[in-house]
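# Descriptive structure summary
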Amino acid sequence: MTPPPGQGSAHGGPLPAVAVVVLTQGRRPASLAAALESVLAQRGVHVDVVVVGNGWEPHGLPPRVRTLALPANRGIPGGRNAGVDQVRGDVLFFLDDDARLPAPDVVARLVARLGTGDVGLVQPRVLDPDGRPAPRRWVPRIRKAHPGRPGPVFSVWEGAVAVRRDVFEAAGRWPQAFFYAHEGIELAWRVWETGHVVWYAGDVVVHHRAHEQEARHPYHHRLNARNRVWLARRNLPAVLRPVYVGSWTLVQVLRTWRRPAVLRAWFAGWREGWRSTPPALRPMRWSTVARMTRHGRPPVI
């Protein structure tokens, strides 16, 4: 894709073309405006931006931004998938409407990382702009003591992710059936299955406010458990499925055994995950399991 006149790289060639998908329900107009401003200020890349209104008609946006209105909420992965075909670029960048890029070279640095070796997907480090402690869940690995340390990972925080378009398509896109919860784990696993590496770029920062942990509704706990089971059934060799689900069942019980309402909702989703038929069963190869294990995390927890 040729950039607009006057734009080009330092060596005279065309800038890398990046397709940017911003998903929103229109509930945070000020945050959305800040997110788009930070995207349009990026240098060293040519961005083609679409705002996907998930059950909302986008309006009042900058003229350079495309819009796509979905008449009903398709869920987070479904909404992101809907935006992919609306924008052009060999690299896809997904950004939540309440995240922001604090520097004009964030996307260019992520694109450069995608051009390194066999890296197919990159998640940057997420920090609160006011300096409040970032939630541990934003660091996509078990050992979180050094959140600035880059390296291979096996899940992603989905609010800011760069991925090669060909890898994204080979991985099967975001798992639309999940609707909400754990789509970042599945996409990461499927990228590993394509033969590529998922990389945590701890040296590249995006901003997102660290809100207080809000009360979770029962549907959150239900989908969390259902998708955890679907994740195993869709992606793992049969012998590993009960090991993975069993380990996370133990974790959940230890975390919430004093909250019976949470456990009731969670186990309702757990049963739904086993009784329903998850779409598109596609167990990963044992060679992928071996690669993930060599890089530090076998897919059993």
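The shown structure was predicted, so the numbers you read here are calculated from the model rather than taken from an experiment.

## Description of the overall build of the chain
For the chain, the helix and strand inventory stands at nine helices and nine strands. The C-alpha atoms of the chain give a radius of gyration of 19 Å, which matches the 19 Å a tight globule of 301 residues would have. The dimensions of the chain, computed from C-alpha atoms along their principal axes, are 60 × 40 × 35 Å. Within the chain, the proportion of its 301 residues that are buried is 52%. A separation of at least 24 residues holds for 74% of the contacts in the chain among residues at least 6 apart in sequence. For the chain, the computed accessible surface area is about 14000 Å², with 55% contributed by carbon and sulfur atoms. Taken together, the 42 basic and 22 acidic charged side chains of the chain have centroids lying 8 Å from each other.

## Let's talk about the pattern of salt bridges
Opposite charge on two side chains allows them to pair when their charged atoms are near. The tally for this structure, following the rule as stated, stands at 17 salt bridges. The partner of D98 in a salt bridge is R28, and the shortest N-O contact between them spans 3.7 Å. Here D98, found in the loop between β4 (91–96) and β5 (99–100), pairs with R28, found in the loop between β1 (17–24) and α1 (29–40); they are 70 residues apart in sequence, far enough to count as distant. Overall, D98 belongs to the buried group, its relative accessible area being 18%. A salt bridge links D96 to R80; the shortest N-O distance between them is 3.2 Å. Remark: R80 occurs in helix α2 (residues 76–84) and D96 occurs in strand β4; sequence separation between them is 16 residues. Within the structure, one salt-bridge network assembled from shared partners comprises D128, D130, R132 and R209.

## Structural notes on the packing of helix α5 (residues 183–193) against helix α6 (residues 218–235)
Two elements in contact, α5 and α6, have axes separated by 10 Å at closest approach and are oriented at 15°. In terms of their interaxial angle, α5 and α6 are classed as roughly parallel. For the element pair α5 and α6, the recorded crossing hand is right-handed. Residues I185, E186, W189 and R190 of α5 pack against R228, L231, R234 and N235 of α6. When grouped by side-chain class, the residues that make up the contact of α5 with α6 number three nonpolar, one polar and four charged.

## Considering the nonpolar core
If you look at the biggest cluster of nonpolar residues, it comprises 80 residues, and the most contacted ones within it are V18, F93, L95, W189 and Y244. A per-element tally of this core places strand β9 (residues 197–208) first, with seven residues. Once residues within four sequence positions are removed from consideration, F93 is found in contact with V18, A19, V20, V21, L101, V107, L110, A160, V161 and A162.

## Re the layout of surface pockets
When its volume is computed, the second largest pocket comes out at roughly 250 Å³. In terms of lining, the second largest pocket is formed by 14 residues, of which the most central are R141, R143, P152, H295 and G296. Of the residues assigned to the lining of the second largest pocket, the class counts are seven nonpolar, three polar and four charged.

## What about the confidence of the model for the chain?
Averaged over the chain, the pLDDT score is 93; the fraction of residues at 70 or greater is 95%. A low-confidence stretch, residues 1–6 stays under pLDDT 50, and its non-local contacts, those more than four residues away or across chains, total seven contacts.

Calculation notes
- Residues numbered from 1 in each chain as written.
- Predicted model: local features only at pLDDT ≥ 70, side-chain atom pairs only at ≥ 80, totals over all residues.
- Heavy atoms only, no water.
- Helix = DSSP H or I, 4+ residues; strand = E, 2+ residues; numbered from the N terminus.
- Rg over C-alpha atoms; globule rule 2.2 N^0.38 Å.
- Buried < 20%, exposed > 50% of the residue type's maximum accessible area, 1.4 Å probe, protein only.
- Contact = heavy atoms within 4.5 Å.
- Areas by Shrake-Rupley, 256 points an atom, 1.4 Å probe, with all protein chains shown as cover.
- Lys, Arg positive; Asp, Glu negative; His and termini not counted.
- Charge placed at Lys NZ, Arg CZ, Asp CG, Glu CD.
- Salt bridge = Lys/Arg side-chain N within 4 Å of Asp/Glu carboxyl O.
- Axes fitted to C-alpha atoms, helices over the stretch in contact; angles between N-to-C directions.
- Parallel < 35°, antiparallel > 145°, perpendicular 65-115°, else oblique.
- Left-handed = near helix turned anticlockwise from the far one by under 90°.
- Nonpolar A, V, L, I, M, F, W, Y, C, P; charged D, E, K, R; others polar.
- Core = buried A, V, L, I, M, F, W, Y, C linked by side-chain atoms within 4.5 Å.
- 1 Å grid on protein atoms, 1.4 Å probe; cavity = no way out; pocket = protein on both sides within 12 Å on 5 of 7 lines; lining within 4 Å.
- Points joined across faces, edges and corners; volume = space filled by probe spheres on them.
- pLDDT = per-residue confidence, 0-100.

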